Amino acid sequence: MKKIKIGLVGASGRMGQEIAGVIEKSSSCELFYPLNRKDKLDAKKAAKVDVWIDFSSPEAFEGVLQMAVKNKTPVVCGTTGFTAKEKALLPKFGKQIPLLWSSNMSLGVAVLNEALKNFAAISHFDYQIEEIHHNRKKDKPSGTAITLQENLEKAVGRKLPEPLAIRGGGVFGVHKIFAMSDEEVITFEHSALNRTVFAKGAVQAAEWLVKQKPGQYQIRDVLFGSKK
Ligand code: NAD
């Protein structure tokens, strides 16, 4: 079987190394082009990449998309801390290539985001999201907390208090959603036990994305199917 050739942007970062480890163990894909911040782009090699995985920085995103679009190569991106500028790139480039961005590549958080729809039935409760991450994390609140907040606000039909963010130690990522009334409290909690969970999700997403038409996708589409 021909292996899927993966290009990896941010290959020497924490997530990049984790993703390289998952690819190494895979029988269906290979790490064809690891790309780091100071590398000069080899356009011939880039043209042979089947799918890019980008876990680098918001500043890198537009360049990655421009490089991918030249060869119509799909892109999976897990970078967080996007401003309106980077967010606007998603629909623009999603018209030209298969483009999957998710603030959290874990399948568990994809299921958690779906589960939030149930809160529509108790939209009058008080809500609060809380997240904890390691002390090297650059963005605050986390991209995952922002996505959970957007989905929760959609479910309950109103603006909610901002997510609370705690930074400390080596925590890979904990997200809690509290739904509270005078009589009861519901707590949804997701804990990432390692970084591999995000790396596995990203590689699974890349293997799925190479078979898709141009469009804007999320990790939930890999699990639940795309509406396109
Ligand atoms: P990191 O700082 O360890 O690694 C980032 C890497 O990207 C570094 O090696 C850096 O040199 C490189 N880089 C930065 N700008 C670049 C550029 N212009 N071109 C090429 N390489 C560039 O960070 P990390 O912990 O690996 O996280 C990376 C990103 O992934 C962050 O935004 C983080 O929040 C996000 N993240 C997402 C998920 C998810 O599931 N979606 C999970 C964990 C982390």
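Data block above holds the structure.
What you are looking at is a predicted structure, and each value in this text was computed from that prediction instead of being measured. (Residues numbered from 1 in each chain as written. Predicted model: local features only at pLDDT ≥ 70, side-chain atom pairs only at ≥ 80, totals over all residues. Heavy atoms only, no water.)

Visitor: Which residues make up the packing of aromatic side chains, and what are the values?
Guide: Inspection of every chain in the model, using the stated rule, returns six aromatic pairs. Note on Phe82 and Trp101: the rings are 5.4 Å apart at their centroids and 20 degrees apart in plane angle, and the pair reads as stacked. Here the residue Phe82 occupies a position in the loop between β4 (75–77) and α4 (84–94), and Trp101 occupies one in strand β5 (residues 98–101), the gap between them amounting to 19 residues. As far as the burial class goes, Phe82 and Trp101 line up, both buried. Three or more aromatic residues link up through ring pairs in this structure, and these residues are Phe61, Phe82 and Trp101. Directly above the ring of Phe32 sits Lys5, whose terminal nitrogen or CZ lies 5.6 Å from the centroid. One residue, Lys45, lies across the ring of Phe32, its end atom 5.5 Å from the ring centre. (Phe/Tyr/Trp six-rings, centres within 6.5 Å; stacked < 30°, edge-to-face > 60°. Helix = DSSP H or I, 4+ residues; strand = E, 2+ residues; numbered from the N terminus. Buried < 20%, exposed > 50% of the residue type's maximum accessible area, 1.4 Å probe, protein only. Lys NZ or Arg CZ within 6 Å of the ring centre and 35° of its normal.)

Visitor: Outline the sheet that holds strand β7 (residues 164–167), supporting the account with residue identities and numerical values.
Guide: Reading across from one edge, β7-β6-β8-β9 is the order of the four strands in this open sheet, with mixed pairing throughout. A strand with exactly one partner marks an edge of an open sheet, and here the two such strands are β7 and β9 (185–191). Sheet twist, expressed as the mean angle between neighbouring strand axes with direction ignored, is 15 degrees. Pairing between strand β6 (residues 126–133) and β7: four bridges, direction parallel. Paired with Ile132 across the bridge in β7 is Ile166. This element, helix α5 (residues 107–115), spans β8 (174–180) and β9 of the sheet and lies at about 155 degrees to β9. In this fold helix α6 (residues 143–156) packs onto β6 and β8, with an angle of close to 170 degrees to the strand it touches most, β6. (Pairing = 2+ DSSP bridges. Axes fitted to C-alpha atoms, helices over the stretch in contact; angles between N-to-C directions. Contact = heavy atoms within 4.5 Å.)

Visitor: Mind laying out the environment of Ile146, listing which residues take part and the relevant values?
Guide: Topologically, Ile146 is positioned in helix α6. Take Ile146: its relative accessible area is 36%, and that puts it in the partly exposed class. Considered as a pair, Ile146 and Ile129 are 17 residues apart in the sequence and their alpha carbons are 9.3 Å apart.

Visitor: Can you tell me about the nonpolar core, naming the residues and giving the values?
Guide: Membership of the largest hydrophobic core comes to 29 residues, with the highest contact counts inside it found for Ile6, Ile19, Ile53, Val76 and Leu100. Listed by contribution, the elements that provide at least two residues to this core are β1 (4–9), α1 (14–25), β3 (51–54), α7 (196–209) and α8 (219–224). Broken down by element, this core gets its largest block of residues, eight residues, from α7. Sequence-distant contacts of Ile53, that is, excluding residues within four places in its chain, are made with Ile6, Gly7, Leu8, Val9, Ile19, Val76, Ala202, Val203 and Ala206. (Core = buried A, V, L, I, M, F, W, Y, C linked by side-chain atoms within 4.5 Å.)

Visitor: Would you mind going over the site of the ligand in detail, with residue names and values included?
Guide: Around the ligand sit 23 residues in total, of which Arg14, Met15, Gly78, Thr80 and Met105 are the nearest. At 3.2 Å, a backbone N or O of Gly13 approaches an oxygen atom of the ligand. At 3.4 Å from an oxygen atom of the ligand is found a side-chain nitrogen or oxygen belonging to Lys138. Here the residues of the shell around the ligand are counted per class, giving six nonpolar, twelve polar and five charged. (Near = heavy atom within 4 Å. Polar contact = N/O pair within 3.5 Å; in protein donor to acceptor, adjacent residues only side chain to side chain. Nonpolar A, V, L, I, M, F, W, Y, C, P; charged D, E, K, R; others polar.)

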